[in-house]
Amino acid sequence: MSQKNLADLAEKMRDIDIAMLSTHTDGGAITGRPMSNNREVDYDGTSCYFTWARSRMVADIERNPQVSLAFQGTKAFLVAVEGRAELVRDRATFAEHWTPDLDRWFEDGVDTEGLVMIRVKASRVHYWDGEDDGDITV
């Protein structure tokens, strides 16, 4: 087994479009939602996703910012991320992370009313790649 680093994982994660973002609900349950990476992200330990400010996911994060992300690639490549979510409401920051694919969901782009960006900063990343697995502290 060889220990991978974050750059190794980023290379393999590049083509993963969907991540499952899990939050803690007000009742204590854990719930997951699919979120798109838009396949244009170079993973550096921080992930950004756009959603509606009035969503239950945003309410969950406001109550408890500890979240997890799950990524599944090809050939049994899996990544689990533990991290802290931050809610961003700044349009200039939206523009830094915006891709044209997002216009499908948010027709007014970064000016869409009620838009919020979730930024997840990883603290720990666990990967499994067939028989090789390990943890990376970020």
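Here's a quick rundown of the structure. Since this is a predicted model, take the numbers as computed values, not measurements. (Residues numbered from 1 in each chain as written. Predicted model: local features only at pLDDT ≥ 70, side-chain atom pairs only at ≥ 80, totals over all residues. Heavy atoms only, no water.)

The subject of this paragraph is the packing of aromatic side chains. Applying the stated rule across the entire model yields 4 aromatic pairs. Every member of this aromatic cluster is reached through a ring pair, and the members are Phe 50, Trp 52, Phe 94, Trp 98 and Phe 106. A cation over an aromatic ring shows up here: Arg 54 above the ring of Trp 52, its NZ or CZ 5.2 Å from the ring centre. (Phe/Tyr/Trp six-rings, centres within 6.5 Å; stacked < 30°, edge-to-face > 60°. Lys NZ or Arg CZ within 6 Å of the ring centre and 35° of its normal.)

What follows concerns the environment of Asp 103. With respect to the helices, strands and loops of the structure, Asp 103 is situated in the loop between helix H3 (91-97) and strand E6 (115-129). Here Asp 103 falls in the partly exposed class, since its relative accessible area comes to 37%. With near-sequence residues (within four places) excluded, Asp 103 lies in contact with Trp 98 and Gly 109. Side-chain polar atoms of Asp 103 contact the side chain of Trp 98, separated by 3.1 Å. (Helix = DSSP H or I, 4+ residues; strand = E, 2+ residues; numbered from the N terminus. Buried < 20%, exposed > 50% of the residue type's maximum accessible area, 1.4 Å probe, protein only. Contact = heavy atoms within 4.5 Å. Polar contact = N/O pair within 3.5 Å; in protein donor to acceptor, adjacent residues only side chain to side chain.)

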